[in-house]
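# Summary of the model geometry
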Amino acid sequence: MKIATWNVNSLRVRLPHVLNWLGQERPDVLAVQETKMTDPEFPVAELAEAGYRSVYSGQKTYNGVAVLSKLDPCDPITDPADFDDPQRRILAVTVADCRIVNLYVPNGGEVGSDKYAYKLNWLAKMRNCLRLELERHPRLVVLGDFNIAPEDRDVYDPESWREKILCSTPEREAFRALLDLGLTDAFRRFDQAEKSYTWWDYRLNAFRRNLGLRIDHILVSAPLAEDCLACRIDVEPRKLERPSDHAPVVAEFRA
DNA sequence: ATGGTCGAGCATCGA
């Protein structure tokens, strides 16, 4: 079982990259964020041609999440209780014996802004949702663009990012609070190269200089942590023409 | 201190 996450920054623009990557990597599940398209526009047929079923929760211009799966995804949830939110950032589905929660966590703008308050409130509500999901589904995967670099080693220049958005202490505490539910950061279960990142700003040749942050994550419940064989970042798609600013993250599981 | 690049959709916002 191979499960991946990728913020594609417009599925319309990135569909060729996504189809190529699915063809090479053949994950069982790909969670996508920032589709930036409405549901009627979703490229169901092209993905079906590639062997993937689509579940999606889209909106015009902003946000939008989807799960692409070889097997039929069931029991979708896009609007958990207490989330009165028109922004399409959440899509939970069940694939085989795994519950998969795909998240596009708010960016947060600047620390102290209204968007920042929205982000922290959103994360607090999400923690409650995930506690309930864990009660119902012992095999739980929570993945996506968290817009949080959990530790200084996940940041190319921790001092310049100190208490900035994506790195502030309240954001890191909110991330830690998700782990405290009984989730594990799959990437950190394995030896990894230093300076491993999933996002690089389009500006200033940031990717070429590896000025990145690790903000895309795959969190797994204890039974899945036991079964996790590998977790890696695939930087290859970030090298292509017209790339997303994010790289995919892939986790592999026994059976 | 500011902007730098993308994607959306047509001036500027969000990231």
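About the criteria used
As a convention, each chain's residues are numbered from 1 in the sequence order in which they are written. Chain A is the first chain written and ligand 1 is the first ligand written, with later ones labelled in order. This being a predicted model, a pLDDT of at least 70 is required before a residue's local features are given, and a value of 80 or more before pairs of side-chain atoms are given or counted; all residues contribute to the totals for chains, interfaces and linings. Hydrogens are left out, water is left out, and the side-chain values use all remaining heavy atoms of the structure. UniProt positions are given in the numbering used here, feature names are shortened, and annotations may be inferred rather than shown by experiment. Per the convention used, a helix needs a DSSP run of H or I reaching at least four residues, while a strand needs a run of E reaching at least two, with both numbered from the N terminus. Think of a polar contact as two N or O atoms within 3.5 Å of one another; within protein, one of them needs to be a possible hydrogen donor and the other a possible acceptor, and neighboring residues in sequence only count if both atoms come from side chains. Near, as used in this document, describes a residue that has one of its heavy atoms within 4 Å of the molecule or strand being considered. Think of it as three bins: nonpolar holds Ala, Val, Leu, Ile, Met, Phe, Trp, Tyr, Cys and Pro, charged holds Asp, Glu, Lys and Arg, and polar takes everything else, Gly as well.

Looking at an unreviewed UniProt entry, one finds chain A named Exodeoxyribonuclease III, with Methylocaldum marinum as its source organism. According to the UniProt record, the Sequence similarities (unreviewed entry) comment for chain A reads "Belongs to the DNA repair enzymes AP/ExoA family."

To continue, consider the UniProt feature "site: Transition state stabilizer" (unreviewed entry) in chain A. Taking the UniProt record as the reference, the feature "site: Transition state stabilizer" (unreviewed entry) is found at Asn 147. The topology assignment puts Asn 147 in the loop between β8 (140-145) and α4 (169-179). Within the structure, Asn 147 has its side chain in polar contact with the backbone oxygen of Val 105 (distance 2.8 Å).

Surveying the vicinity of DNA strand B reveals 17 residues, the closest of which are Ser 10, Arg 14, Thr 61, Arg 203 and Leu 204. A share of 66% of the atoms of DNA strand B within 4 Å of the protein falls on sugar and phosphate groups. Contact distances for DNA strand B include 3.1 Å between a phosphate oxygen and a side-chain N or O atom of Arg 14. Measuring from a phosphate oxygen of DNA strand B, one finds a side-chain N or O atom of Arg 242 at 3.2 Å. Counting residues per element, the surface near DNA strand B draws most heavily on helix α1 (residues 11-25), which supplies 3 residues. For the surface near DNA strand B, the class distribution of residues is 5 nonpolar, 4 polar and 8 charged.

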